[in-house]
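Tertiary structure, described
These are the residues of each chain, in order.
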Amino acid sequence: LHHVAAVAHAFCLQASSSWSGLLVSWSGVYEAGSLLLCLGYIGAVSRPVGHWAATLSSVMGMCLGLHGLVVHGFCEFNAAAWFSVIALVGLGIGRIQDGVDNLRRIQGQV
């Protein structure tokens, strides 16, 4: 299901009326955290490092969005831009919750 949403997000990034660069940067920050999370799952880095990376990249991405809102506001947003912002905020909140839960679980096992 998340692959369908990712494809929809990619099309919306192309069709967004504003914040295109910020939305791509926000998505890229999330993907960097996801890469480290996957490397943690396969053992290339420790699992806690992967979960910290996913959590911190989510916080950083949400800070980028907040910065865009403070500096530019929701200027001339079309439906595609709104979809991207809502998807990225929802994804960020979920990733932060998941990361915190996994870090607590890992800490409890030690």
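Please refer to the structure higher up on the page.
Quick look at the structure, then. Computed from a predicted structure; not experimentally measured. (Residues numbered from 1 in each chain as written. Predicted model: local features only at pLDDT ≥ 70, side-chain atom pairs only at ≥ 80, totals over all residues. Heavy atoms only, no water.)

1. Focus on the nonpolar core
Counting ten residues, the largest nonpolar core consists of Leu13, Trp19, Leu22, Leu23, Trp26, Tyr30, Phe77, Ala81, Val85 and Leu88. Of all the secondary structure elements, the ones that give two or more residues to this core are α2 (20-42) and α4 (79-109). Considering every element that reaches this core, the biggest residue donor is α2, with four residues. If we skip the residues at most four places from it in the chain, Phe77 touches Ser17, Ser18, Trp19, Trp82 and Val85. (Core = buried A, V, L, I, M, F, W, Y, C linked by side-chain atoms within 4.5 Å. Buried < 20%, exposed > 50% of the residue type's maximum accessible area, 1.4 Å probe, protein only. Helix = DSSP H or I, 4+ residues; strand = E, 2+ residues; numbered from the N terminus. Contact = heavy atoms within 4.5 Å.)

2. A few points about the side chain of Thr55
Within the fold, Thr55 resides in helix α3 (residues 47-72). Here His51 takes part through its backbone oxygen, which lies 2.8 Å from a polar atom of the side chain of Thr55. For Thr55, the contacting residues outside a window of four places in its chain are Arg95, Ile96, Gly99, Val100 and Leu103. (Polar contact = N/O pair within 3.5 Å; in protein donor to acceptor, adjacent residues only side chain to side chain.)

3. Some words on the layout of surface pockets
Estimates place the volume of the largest pocket at around 450 Å³. Lining of the largest pocket is provided by 13 residues; of these, His2, Ala5, Ala6, Glu31 and Leu91 occupy positions nearest its centre. Of all the elements, α4 adds the most residues to the lining of the largest pocket, at five residues. Its residues assigned to classes, the lining of the largest pocket comprises seven nonpolar, four polar and two charged. (1 Å grid on protein atoms, 1.4 Å probe; cavity = no way out; pocket = protein on both sides within 12 Å on 5 of 7 lines; lining within 4 Å. Points joined across faces, edges and corners; volume = space filled by probe spheres on them. Nonpolar A, V, L, I, M, F, W, Y, C, P; charged D, E, K, R; others polar.)

4. A short note on the packing of α2 against α4
Put simply, α2 and α4 touch, their axes get as near as 11 Å, and they point 25° apart. As the angle between them shows, α2 and α4 are arranged roughly parallel. Remark: the crossing between α2 and α4 carries left-handed chirality. Between α2 and α4, the contacting residues are Leu23, Trp26, Ser27, Tyr30, Gly33 and Ser34 on the first element and Ser84, Val85, Leu88, Val89, Leu91, Gly92 and Arg95 on the second. In terms of residue class, the contact of α2 with α4 is built from seven nonpolar, five polar and one charged. (Axes fitted to C-alpha atoms, helices over the stretch in contact; angles between N-to-C directions. Parallel < 35°, antiparallel > 145°, perpendicular 65-115°, else oblique. Left-handed = near helix turned anticlockwise from the far one by under 90°.)

This is a description of form; function is not addressed.
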